[in-house]
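Geometric and topological summary
Here's the letter readout for the chains.
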Amino acid sequence: MRNFSYYEAKKFLEDVSKKGIDINQFNLEEFYDAKELAELLDVSDSTANNWLNGRTDISKLGEQAISYQIMIDLLRAYKNTPKSNIMIETKDGNYEVYGSCNNGEYKLLAITGDIKIARTIKEINKLYKILEFCEDFISVELKTREGYDELVRPYSADLTNLRDLMKYISSGQTISELRDKMIKDASNELSQLLSDNSLPPVTFSADNTKVNENKDIITIAKQAARDMQGYDRLYDDVIPDGTLFRYIPMKTRDIKYRGIELYVKKISKGKYLTEKVKKYGREWIDYQDAFGQNNIGKIYQSLHSAYEAILYTRSKSLNETEETEFSTNDGKTWMPTGTLKMSNDEYITYNASKA
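Predicted model, so just to flag it, every value in this text is computed and none were measured.

Calculation notes
Residues numbered from 1 in each chain as written. Predicted model: local features only at pLDDT ≥ 70, side-chain atom pairs only at ≥ 80, totals over all residues. Heavy atoms only, no water. Helix = DSSP H or I, 4+ residues; strand = E, 2+ residues; numbered from the N terminus. Buried < 20%, exposed > 50% of the residue type's maximum accessible area, 1.4 Å probe, protein only. Contact = heavy atoms within 4.5 Å. Areas by Shrake-Rupley, 256 points an atom, 1.4 Å probe, with all protein chains shown as cover. Arc of directions from axis to C-beta. Core = buried A, V, L, I, M, F, W, Y, C linked by side-chain atoms within 4.5 Å. Polar contact = N/O pair within 3.5 Å; in protein donor to acceptor, adjacent residues only side chain to side chain. Axes fitted to C-alpha atoms, helices over the stretch in contact; angles between N-to-C directions. Parallel < 35°, antiparallel > 145°, perpendicular 65-115°, else oblique. Left-handed = near helix turned anticlockwise from the far one by under 90°. Nonpolar A, V, L, I, M, F, W, Y, C, P; charged D, E, K, R; others polar. pLDDT = per-residue confidence, 0-100. Phe/Tyr/Trp six-rings, centres within 6.5 Å; stacked < 30°, edge-to-face > 60°. Lys NZ or Arg CZ within 6 Å of the ring centre and 35° of its normal. Salt bridge = Lys/Arg side-chain N within 4 Å of Asp/Glu carboxyl O.

Some remarks on the overall build of the protein chain
Helices and strands together make up the secondary structure of the protein chain, namely 14 helices and ten strands. Taken over 355 residues, the protein chain has a buried fraction of 37%. Across the protein chain, contacts joining residues at least 24 apart in sequence account for 54% of those joining residues at least 6 apart. If you sum the accessible surface of the protein chain, you get close to 21300 Å²; carbon and sulfur atoms cover 51% of it.

Here we look at the side chain of His 304
Mapped onto the secondary structure, His 304 falls in helix H12 (residues 303-310). Discounting chain neighbours no more than four positions away, the residues touching His 304 are Lys 143, Ser 317, Leu 318 and Glu 320.

Things to note about helix H4 (residues 45-52)
Every buried residue of H4 is accounted for by Ala 48, Trp 51 and Leu 52. The buried residues of H4 occupy an angular sector of 95 degrees when projected down its axis, which confines them to one face.

Digging into the nonpolar core
The biggest cluster of nonpolar side chains holds 22 residues, and the ones touching the most others in it are Phe 245, Ile 260, Leu 262, Tyr 287, Tyr 307 and Tyr 312. Those elements that place two or more of their residues in this core are strand S4 (244-247), strand S5 (260-268), strand S6 (271-279) and H12. The dominant element in this core, judged by the number of residues it contributes, is H12, at five residues. Once you skip the residues sitting within four places of it in the chain, Tyr 287 turns out to touch Tyr 257, Ile 260, Leu 262, Val 277, Gln 293, Asn 294, Ile 296, Ile 310, Leu 311 and Tyr 312.

A closer look at the side chain of Ser 305
Note that Ser 305 resides in helix H12. Within the structure, the side chain of Ser 305 is placed 2.9 Å from the side chain of Ser 302, a separation counted as a polar contact.

As for the packing of helix H3 (residues 34-41) against H4
Their axes nearest at 8 Å, the elements H3 and H4 cross at an angle of 115 degrees. When the axes of H3 and H4 are compared, the pair comes out roughly perpendicular. The handedness of the crossing between H3 and H4 comes out as right-handed. Residues Ala 34, Lys 35, Leu 37, Ala 38 and Leu 41 of H3 lie in contact with H4, whose contacting residues are Asp 45, Ala 48, Asn 49, Trp 51 and Leu 52. For the contact of H3 with H4, the residue count by class is seven nonpolar, one polar and two charged.

A closer look at the confidence of the model for the protein chain
Confidence in the prediction of the protein chain, expressed as mean pLDDT, is 75, and 71% of residues score 70 or more. Overall, residues 220-230 carries pLDDT values under 50, and its contacts beyond four positions in sequence, including any with other chains, amount to 20 contacts.

Looking at the packing of aromatic side chains
Considering all chains together, one arrives at eight aromatic pairs under this definition. With 5.2 Å between their ring centres and 75 degrees between their planes, Trp 284 and Tyr 287 make a pair best called edge-to-face. The exposure classification of Trp 284 matches that of Tyr 287, with both residues buried. The structure contains a cluster of three or more aromatic residues connected by ring pairs, namely Tyr 257, Trp 284, Tyr 287 and Tyr 312. Above the ring of Tyr 263, the side-chain terminus of Lys 276 is found at 5.0 Å from the ring centroid. The cationic tip of Lys 279 hangs over the ring face of Trp 284; the distance from NZ or CZ to the ring centre is 5.1 Å.

Observations concerning the pattern of salt bridges
Scanning the entire structure with this criterion turns up seven salt bridges. Across the pair Glu 325 and Arg 246 runs a salt bridge whose closest N-O atoms are separated by 2.8 Å. Within this pair, whereas Glu 325 is found in strand S9 (residues 325-327), its partner Arg 246 is found in strand S4, the two being separated by 79 residues in sequence. Judged by relative accessible area, which is 18%, Arg 246 ranks as buried. Close ionic contact of Glu 275 with Lys 265 constitutes a salt bridge, the shortest N to O distance being 3.4 Å. With Glu 275 in strand S6 and Lys 265 in strand S5, this residue pair connects regions lying ten residues apart in the sequence. By relative accessible area, Glu 275 is classed as partly exposed at 24%. Three or more residues are tied together by salt bridges with common partners; here these are Asp 236, Asp 241 and Lys 266.

In structure tokens, the structure reads:
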């Protein structure tokens, strides 16, 4: 079942209050696949598939069940999204913005004479969620373009400024201020991590914008925290050259990509080839993702960026260690990619055994 946004839910519920739910106004393929619909209505997969494709008419009981389910999801989306603050225009031409408290009352957040500032403050909860979505989307897009430094560098700087703005909104400090505090408070831990080459060096330009996407201070801080807590990682040089990876999604919302398999092969250290795409076991030569792109046969610097380049949708970011399999004998046998991960201590021992 697809997730409704607050705005969709609000609009639909307003319409529903006037004329009720009519499932004929919904494209059911957009909300369900055959398996989901079969489980919801307790019918066979073939029956659900016929309904979705309009081969047979859906039963009245089925219509009612789907209507109730859509209503439940609409209400959940509407109730779980923070509502806007309250904006009031005063007699002197200023604008007062109030936000709700835990006790059910409202407190004054700001007074301004600028209507745009007032509206921004009023919608700050929604605005911040949009910024989070934009940050995630841009990050994924830049990772798919690794190796094109001159092209992506201006956007990388803009992404840093966006993250700086979000960090200031959420905590009252910029990333550069947090960076200085982090280095001061945890210099010993970071120095140790950097000394055994588990993290790359940090390079900043004069205006504190990042020089390289992979050397962002946020990424370093997160990775340092994970390493110090003993989390396992997928190290590039642990993966044998020639290893083949495949991703087979359990389900897709777009019927065009049902039965799809995405293959990536490690050529050598830092070189991952987007080898091929299959559909129902046959190679899909003219494959195109949802944006009309075909990146088959290209080389990327990491397994993640290779998969993001050929992923059929941009609505999710693939977790390559948890959602893919690997084979070291050209596809004869497959193992979960997560079994290749190592802790920092295991990786040190691994390197020592190779020396």
